[in-house]
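An overview of the molecular structure
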Amino acid sequence: MIVVLRPDATESDLEQVIEKIQELGLTPHVSRGVTRTIVGCIGDEDRLREVPMLSFPAVETILPVEKPYKLAAREFAAGDTVVKLREAAGGVGDGAIHVIAGPCSVESREMILDTAESVKQAGAVALRGGAFKPRTSPYSFRGLGPQALEYLAEARARTGLPVVTEVLDTRQVEVVAQTADVLQIGARNMQNFALLSEAGEAGKPVLLKRGLSATLEEFLLAAEYILSRGNRNVILCERGIRTFERALRFSLDIGAVPFLKKETHLPVVIDPSHAAGRRDLVIPIALAGVAAGADGLLVETHPDPDRARSDGDQSLTLGTFASLMEQVKQIAAALGRSLATAAA
Ligand code: PEP
Ligand code: MN
């Protein structure tokens, strides 16, 4: 249930409404928009029906939320959620296109420092790089672990780029959150409910990737796990799903972008790299994502992709990444949008 306040409602009106909601045993979630404030209520909604909320002069209307996800539903927020990456002005969801780039995995100090400098130069606003990698085979390279976190911190110190890195397990959340600016939860962990909850309490934004075979409803309910732990900073990432099609690594669900933008206030980015599985298709897929309304991109970029220890086939060279950025700029301009710029 959502309680919508009148535009002229005061802070003390809001406090009265919150008090009443809490008295009924529900949890209020306040969202302040440009013109009005709304209070979403989570809990036993029947309790709310017992009280004439409309008799509060500051309450304009009460709306039910029929969706299974509540906190993620667009109605539950007064506007788009903007997820700040460190203290830069603006953030993902503010209308500008935010590009996050870097290797699949951090392979050495030199390669992550080189990549960070180069993607920053090309206009990326954050650096990605896996320290802990989920791999299909236990014998594949699974990341440098804590050592990679140190390299990422050094890359951030040098470039100012915030760091996005994956957390695989509840036991790692604390250590990864000490370095990461954004915790990535990968496709294979989208329904690891313990991990979602733990990440919801880590105090860092979460980039949540859609599961390989997850419906959009399941995706939004996974986000709900994080939101329900009090973390409002969730970025959704469409990275392709598994279909009968084998020509590409995954099928990017382009329709998910406008659907999610309608359905939720959370920002949506696309990952063209894992969807394509091959370098030559990354740029057109990325451009399609931007054209469909994505708030940003997550792109695998490597100084020497042919020698990468993971996902080299789909990683752009640093030069090709710069070319992608030029093309994104053109698509953005055609849409009346702009590329986000990194904090100084
Ligand atoms: C990654 O971003 O490198 C990754 C493992 O992605 P996904 O979880 O989407 O497969
Ligand atoms: Mn990868």
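Up top you'll find the structure we're talking about.
To keep things clear, this report deals only with the structure shown in the data block. Everything numeric in this text was worked out from a predicted model, so none of it was measured.

Moving on, we get to the pattern of salt bridges. Under the definition given, this model contains 24 salt bridges. The partner of Arg-74 in a salt bridge is Asp-80, and the shortest N-O contact between them spans 2.7 Å. The exposure class assigned to Asp-80 is partly exposed, which follows from its relative accessible area of 42%. Its salt-bridge partner being Lys-209, residue Asp-271 comes within 2.7 Å of it at the nearest N-O pair. Of the two residues, Asp-271 sits in the loop between strand 11 (268-270) and helix 9 (272-276) while Lys-209 sits in strand 9 (residues 206-209), which places them 62 residues apart along the sequence. Across this residue pair, the class does not change: Asp-271 and Lys-209 are buried. Several salt bridges converge on common partners, so that one network encompasses Arg-109, Glu-110, Glu-154 and Arg-158.

This part is about the sheet that holds strand 4 (residues 59-63). The 4 strands lie next to each other as 2-3-1-4, forming an open sheet whose pairing is antiparallel. Of all the strands in the sheet, just strand 2 (27-32) and strand 4 have a single pairing partner and so form its edges. In this sheet, adjacent strand axes meet at a mean angle of 20 degrees when their direction is disregarded. Contacting strand 1 (2-5), strand 2, strand 3 (37-42) and strand 4, helix 1 (residues 11-23) crosses the sheet at an angle of about 155 degrees to strand 2.

About the cut-offs
- Residues numbered from 1 in each chain as written.
- Chains lettered and ligands numbered in written order.
- Predicted model: local features only at pLDDT ≥ 70, side-chain atom pairs only at ≥ 80, totals over all residues.
- Heavy atoms only, no water.
- Salt bridge = Lys/Arg side-chain N within 4 Å of Asp/Glu carboxyl O.
- Buried < 20%, exposed > 50% of the residue type's maximum accessible area, 1.4 Å probe, protein only.
- Helix = DSSP H or I, 4+ residues; strand = E, 2+ residues; numbered from the N terminus.
- Pairing = 2+ DSSP bridges.
- Axes fitted to C-alpha atoms, helices over the stretch in contact; angles between N-to-C directions.
- Contact = heavy atoms within 4.5 Å.

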